[in-house]
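Residue strings, one per chain:
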Amino acid sequence: MNKILEQKQQIKLAVDCIIFGFNNNRLELLLVHRGFEPEKGKWSLIGGFVGNDEDIDDAANRVLYDLSGLENIYMEQVRTFGKADRDPSGRVVSTTYSAMILKSEYNEERVGKYDAKWFPIEELPELIFDHSEMVGSAIRRLRRRVRNFPIAFNLLPAKFTLPQLQMLYEGILSEQLDKRNFRRKVSQMNYLVRLEEKDMSESRKGAYFYQFDEELYNKELNFNL
């Protein structure tokens, strides 16, 4: 029994953050150059160890804040990765978190410190350890969640057009959506509010801006319950 306890004490607990962004009408992932061995200089998710007196969610929030300077980021726990040989530096169990941030809002200086770069999800470089498996798991979860919950709005600015929204869903789902069917589904979203303002940058006719109303969504959710 004592031998088993000694082995448990050697296990380190970590978090890894899978950070999604919607940039230039493409779904992208923010990766960092790893700054230490093993695998120094290779592309990696941003992560860190959990402190002895730190809750695991707090550790993930700390890692995200250190990178972006943002607080209250939309974040979901995805799953835990614990293969015995996943990290050559020792026995490390890592819990992954999926986060969504706006490039226009984060601190460029902080991100630059980590030598971070955005990559389209279909053009990701080779990642260290089991980070590719982590990303795949997060993308699959995102695709399931986005069909039933309005989490995609966390990747859009406060005002957006329906073409932008459709491109975002297409980027997440990795498939083209019929415009008419998409607009029909959007029309059923009572929490999506059309503004009396247009984006004139794409066409002469322009496209109306919309906003996601979280209060209306919560009221609808509570009503359905």
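Conventions we followed
Residues numbered from 1 in each chain as written. Predicted model: local features only at pLDDT ≥ 70, side-chain atom pairs only at ≥ 80, totals over all residues. Heavy atoms only, no water. Patch = residues over 30% accessible without salt bridge, like charges linked within 9 Å, V, L, I, M, F, W, Y side chains within 5 Å. Areas by Shrake-Rupley, 256 points an atom, 1.4 Å probe, with all protein chains shown as cover. Salt bridge = Lys/Arg side-chain N within 4 Å of Asp/Glu carboxyl O. Lys, Arg positive; Asp, Glu negative; His and termini not counted. Charge placed at Lys NZ, Arg CZ, Asp CG, Glu CD. Helix = DSSP H or I, 4+ residues; strand = E, 2+ residues; numbered from the N terminus. Phe/Tyr/Trp six-rings, centres within 6.5 Å; stacked < 30°, edge-to-face > 60°. Lys NZ or Arg CZ within 6 Å of the ring centre and 35° of its normal. Buried < 20%, exposed > 50% of the residue type's maximum accessible area, 1.4 Å probe, protein only. Pairing = 2+ DSSP bridges. Contact = heavy atoms within 4.5 Å. Core = buried A, V, L, I, M, F, W, Y, C linked by side-chain atoms within 4.5 Å. 1 Å grid on protein atoms, 1.4 Å probe; cavity = no way out; pocket = protein on both sides within 12 Å on 5 of 7 lines; lining within 4 Å. Points joined across faces, edges and corners; volume = space filled by probe spheres on them. Nonpolar A, V, L, I, M, F, W, Y, C, P; charged D, E, K, R; others polar.

Named according to an unreviewed UniProt entry, the protein chain is NUDIX hydrolase originating from Aestuariibaculum lutulentum.

For the rest of this paragraph, the subject is a positive patch on the surface. A contiguous patch of positive charge on the surface is contributed by Arg-79, Lys-83, Arg-140 and Arg-144. Tracing the chain through its elements places Arg-144 in helix 4 (residues 131–146).

What follows deals with the packing of aromatic side chains. Remark: the centre distance and the inter-plane angle together describe each pair of aromatic rings, the angle taken between the planes. Applying the stated criterion across every chain yields a total of eight aromatic pairs. Each ring, one from Tyr-106 and one from Trp-118, has its centre 6.4 Å from the other, and the planes form 25°; the classification is stacked. Within this pair, whereas Tyr-106 is found in the loop between strand 6 (92–100) and helix 3 (108–113), its partner Trp-118 is found in strand 7 (residues 116–120), the two being separated by twelve residues in sequence. Site record: aromatic cluster; members linked through ring pairs are Phe-153, Phe-160, Tyr-191, Phe-212 and Tyr-217. In this structure, Arg-194 packs its charged tip against the face of Tyr-208, placed 3.8 Å from the ring centre.

Turning next to the pattern of salt bridges. Under the definition given, this model contains eleven salt bridges. As a salt-bridge pair, Glu-197 and Lys-159 come within 3.0 Å of each other at their nearest N and O atoms. With Glu-197 in strand 9 (residues 192–199) and Lys-159 in the loop between helix 4 and strand 8 (160–161), the pair connects residues that are 38 residues apart, well separated along the chain. Between Glu-215 and Lys-219 there is a salt bridge whose closest N-O contact spans 3.8 Å. Within this pair, Glu-215 and its partner Lys-219 are both found in helix 7 (residues 214–224), separated by four residues, close to a single helical turn. Look at Glu-215 and you get exposed, because its relative accessible area is 53%.

Right, let's talk about the sheet that holds strand 9 for a bit. Pairing is antiparallel in the open sheet, where three strands are placed in the order 8-10-9. The outermost strands of the open sheet, each flanked by one partner alone, are strand 8 and strand 9. Sheet analysis places strand 9 next to strand 10 (residues 207–212), joined by five bridges and oriented antiparallel. For Lys-198, the partnering residue across the bridge sits in strand 10 and is Tyr-208.

Note on placement: Asp-130 falls in the loop between strand 7 and helix 4. Look past the residues within four positions of Asp-130 in its chain and what remains in contact with it is Phe-81 and Arg-86.

Turning next to the nonpolar core. Where a protein is soluble and globular, its nonpolar side chains tend to be buried together. Ranked by size, the top nonpolar core spans 39 residues in total, and within it Phe-20, Phe-153, Leu-155, Leu-165, Ile-172 and Leu-192 carry the most contacts. Of all the secondary-structure elements, those providing two or more residues to this core are strand 1 (12–23), strand 2 (26–33), strand 5 (74–81), helix 4, helix 5 (162–173) and helix 6 (179–187). Core analysis: the next-biggest nonpolar cluster, separate from the first, contains 21 residues, Val-15, Cys-17, Val-63 and Leu-64 among them.

Estimates place the volume of the largest pocket at around 530 Å³. Lining the largest pocket are 21 residues, and of these Val-146, Arg-147, Tyr-169, Lys-185 and Met-189 lie nearest its centre. Among the secondary structure elements, those contributing two or more residues to the lining of the largest pocket are helix 5, helix 6 and helix 7. Partitioning the lining of the largest pocket into residue classes produces twelve nonpolar, four polar and five charged. Of the pockets and cavities examined, the second largest pocket occupies roughly 390 Å³. Around the second largest pocket, the lining comprises 24 residues; the ones closest to its centre are Asp-16, Arg-34, Phe-36, Gly-47 and Gly-48. Where the lining of the second largest pocket is concerned, the elements lending two or more residues are strand 1, strand 2 and strand 4 (46–49). Here the lining of the second largest pocket is composed, by residue class, of eleven nonpolar, seven polar and six charged.

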